[in-house]
Amino acid sequence: MSSNLMDGPRVIVALDFPDGPTALKFVQQLPPGSCRLKVGKELFTSAGPELVRQLVAMGHDVFLDLKFHDIPNTVARACGAAAQLGVWMMNVHASGGRRMMEAAAAALKDCDGERKPLLIGVTVLTSMGAEDLAEIGVNVEPAAQVERLAQLAKVSGLDGVVCSPREAGQLRAQLGDDFVLVTPGVRPAGASKDDQTRVMTPADAIRDGAGYLVIGRPVTQATDPVSALEAINAEIQGIVQGT
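In this text, all values refer to a predicted model and were calculated from it rather than measured experimentally.

Q: Looking at this structure, I do not really get the UniProt feature "active site" (unreviewed entry) in the chain. What am I missing?
A: Under the UniProt annotation, the feature "active site" (unreviewed entry) is placed at Asp65, Lys67 and Asp70. Mapped onto the elements, aspartate 65 comes out in strand β3 (residues 62-68). What makes aspartate 65 buried here is its relative accessible area of 7%. Tracing the backbone through its elements, the reader meets aspartate 70 in the loop between β3 and α5 (72-84). Among residues more than four places away in sequence, those in contact with aspartate 70 are Val75 and Met100.

This is the structure in structure tokens:
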């Protein structure tokens, strides 16, 4: 795996909170550099871009998880606006197609080197199984659809994709070490699966080729979030160092 993917924390803590004050109170417990932070639809809708600016100003890398999916011009403009917030990563739905993804990638080309956000595509949501795909007319197994959309994302100029940890090994082998793989559906051993159907432990996900792990409730709802995060980071570091 390339060094740029290995740099910095591999855990992205999902800030699945209903409002900005609650999210900020939680984040104040986390030392910058111990993880990255994900701001999704609920929190962004409630707290808006100002929260993202605050998190960035506090020294945190922010993954803006809004899964843009619209006509190419609209998505391109949304990506450009997100870049102005100083986010580290953002995403679009790969099912929006090649022209939409190419427009999104083009919108970020003018960002300064180190300030250019990573742009990744959402393949198949980890809450979806074969039956769910069939209901929307996709009559293939989730892994096959993930592979198809990941390949399309790469040729469209995206930096990587969101995928289940169960697809990470296959995608890493096919798409190379420089392709970013962000995996939700990661749960420490013994933790609840909640609403995810295709899950894996942090160690297994990293071992299978995942680049970054999105982890929410096992950290945010832990009695001691810092200790829970430290334990996950130690587990990951052991795999990275080959111990």
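Q: Help me understand the environment of leucine 85, please; the structure alone is not making it clear to me.
A: Along the polypeptide, leucine 85 turns up in the loop between α5 and β4 (89-93). Each residue touching leucine 85, except ones within four places of it in the same chain, is listed here: Phe44, Pro49, Val52, Arg53, Val56 and Leu64.

Q: It is not clear to me how the sheet that holds β4 should be interpreted in this structure. Could you clarify?
A: Paired through their backbone hydrogen bonds, the strands of a sheet run either parallel or antiparallel. The 8 strands are arranged β1-β2-β3-β4-β5-β6-β7-β8 in a closed barrel whose pairing can be described as parallel. Pairwise comparison of adjacent strand axes, ignoring direction, gives a mean angle of 25 degrees for this sheet. In this sheet, strand β5 (residues 118-122) lies alongside β4 in parallel orientation, the contact comprising 5 bridges. Along β5, the bridge assignment pairs asparagine 91 with isoleucine 120. Each of β3, β4 and β5 touches α5; the most contacted strand, β4, lies at about 165 degrees to it. Helix α9 (residues 165-175) contacts β6 (160-162) and β7 (180-183) of the sheet and is inclined by roughly 170 degrees relative to β7.

Q: Would you mind showing me how to read the packing of α5 against helix α6 (residues 98-107) here?
A: Packed helix pairs are characterised by how far apart their axes lie and by the angle those axes make with each other. α6 packs onto α5 with a crossing angle of 30 degrees between their chain directions and a minimal axis gap of 8 Å. In this view, α5 runs roughly parallel relative to α6, as classed from their interaxial angle. The handedness of the crossing between α5 and α6 comes out as right-handed. Listed contacts from α6 to Pro72, Val75, Ala76, Cys79 and Gly80 of α5 are Arg99, Met100, Ala103, Ala104 and Ala107. Broken down by class, the residue content of the contact of α5 with α6 amounts to 8 nonpolar, 1 polar and 1 charged.

What counts and what doesn't
Residues numbered from 1 in each chain as written. Predicted model: local features only at pLDDT ≥ 70, side-chain atom pairs only at ≥ 80, totals over all residues. Heavy atoms only, no water. UniProt positions renumbered as here; feature names shortened; annotations may be inferred. Helix = DSSP H or I, 4+ residues; strand = E, 2+ residues; numbered from the N terminus. Buried < 20%, exposed > 50% of the residue type's maximum accessible area, 1.4 Å probe, protein only. Contact = heavy atoms within 4.5 Å. Pairing = 2+ DSSP bridges. Axes fitted to C-alpha atoms, helices over the stretch in contact; angles between N-to-C directions. Parallel < 35°, antiparallel > 145°, perpendicular 65-115°, else oblique. Left-handed = near helix turned anticlockwise from the far one by under 90°. Nonpolar A, V, L, I, M, F, W, Y, C, P; charged D, E, K, R; others polar.

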